[in-house]
Amino acid sequence: MARKKKKSRKYIPRNEFRYNKSPVASGHPHYVFGETDTKYKSMGLTHNPDEAGTKVPLLKNPNPKDTEKSYLKTNVTTAKKDYYSAPLPGWHFDKRDMPLVRLEIKKYKKSSKRRPKGWYSRKKANKKR
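Residues numbered from 1 in each chain as written. Predicted model: local features only at pLDDT ≥ 70, side-chain atom pairs only at ≥ 80, totals over all residues. Heavy atoms only, no water.

Draft legend 1. Quick look at the nonpolar core. The biggest cluster of nonpolar side chains holds 16 residues, and the ones touching the most others in it are Tyr31, Leu72, Phe93 and Val101. Put simply, the parts of the chain that give this core at least two residues each are β2 (29–35), β3 (39–46) and α1 (98–113). No other element matches α1, which puts 4 residues into this core. In this view, Phe93 contacts Phe17, Tyr31, Leu45, Leu58, Pro62, Leu72, Met98 and Val101; residues no more than four positions away in its chain are not counted. (Core = buried A, V, L, I, M, F, W, Y, C linked by side-chain atoms within 4.5 Å. Buried < 20%, exposed > 50% of the residue type's maximum accessible area, 1.4 Å probe, protein only. Helix = DSSP H or I, 4+ residues; strand = E, 2+ residues; numbered from the N terminus. Contact = heavy atoms within 4.5 Å.)

Draft legend 2. Representation of the sheet that holds β2 in the model. Within the open sheet, the 5 strands sit side by side as β1-β2-β3-β5-β4. Their pairing is antiparallel. Edge positions in the open sheet fall to β1 (12–19) and β4 (55–57), since each of these has one partner strand only. If you compare each strand with its neighbour and ignore which way they point, the axes differ by 30° on average. With 7 bridges connecting them, β3 and strand β5 (residues 71–80) associate as antiparallel partners. Residue pairing for β5: Lys41 is matched across the bridge by Thr78. (Pairing = 2+ DSSP bridges. Axes fitted to C-alpha atoms, helices over the stretch in contact; angles between N-to-C directions.)

Draft legend 3. Broad picture of the pattern of salt bridges. Within this structure, the stated rule accounts for 5 salt bridges. The residue Arg14 makes a salt bridge to Glu35 at a minimum N-O spacing of 2.5 Å. Residue Arg14 is located in strand β1, and its partner Glu35 is located in strand β2; the two are separated by 21 residues in the primary sequence. Here Glu35 falls in the buried class, since its relative accessible area comes to 12%. Because the salt bridges share partners, they merge into one network encompassing Arg14, Glu35 and Lys81. (Salt bridge = Lys/Arg side-chain N within 4 Å of Asp/Glu carboxyl O.)

Draft legend 4. Broad picture of the packing of aromatic side chains. Here the structure, examined in full by the defined rule, presents 8 aromatic pairs. An angle of 80° between the planes, with centres 5.8 Å apart, marks the rings of Tyr11 and Phe33 as edge-to-face. With Tyr11 in the segment before β1 and Phe33 in strand β2, this pair connects stretches of sequence that are 22 residues apart. Accessibility assignment for this pair places Tyr11 and Phe33 in one class, buried. For the ring pair Phe17 and Tyr31, a centre distance of 5.3 Å and an interplane angle of 55° mean the geometry is tilted. Taken together, the residues Phe17 in strand β1 and Tyr31 in strand β2 connect sequence positions 14 residues apart. (Phe/Tyr/Trp six-rings, centres within 6.5 Å; stacked < 30°, edge-to-face > 60°.)

Structure below.
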């Protein structure tokens, strides 16, 4: 019998904006960058500059109808697909903001792939037994 092939990706890439109506997000718009079978991975957008360490200022608001300054929340939200609205038409990041967004996604991917401290030495010790 043939071996099952391991999935190479943890999520399917997405590039869209949706409203997140989960209890955590309370209806704020989110940038959805990944999709699993039952959930979306996203980063929130806000006008509030508080907690400067967890928010990246954007040069241009992704909402074409809004001129107010906006910020990208760097913490990733994973919520059920039921909480998200349909994709918002016309919303997009400015060409100069996209490298900042990609950097935050890359940081998230790197942190989620990391093994716990001492993982390799424990693995080696278990093999010897």
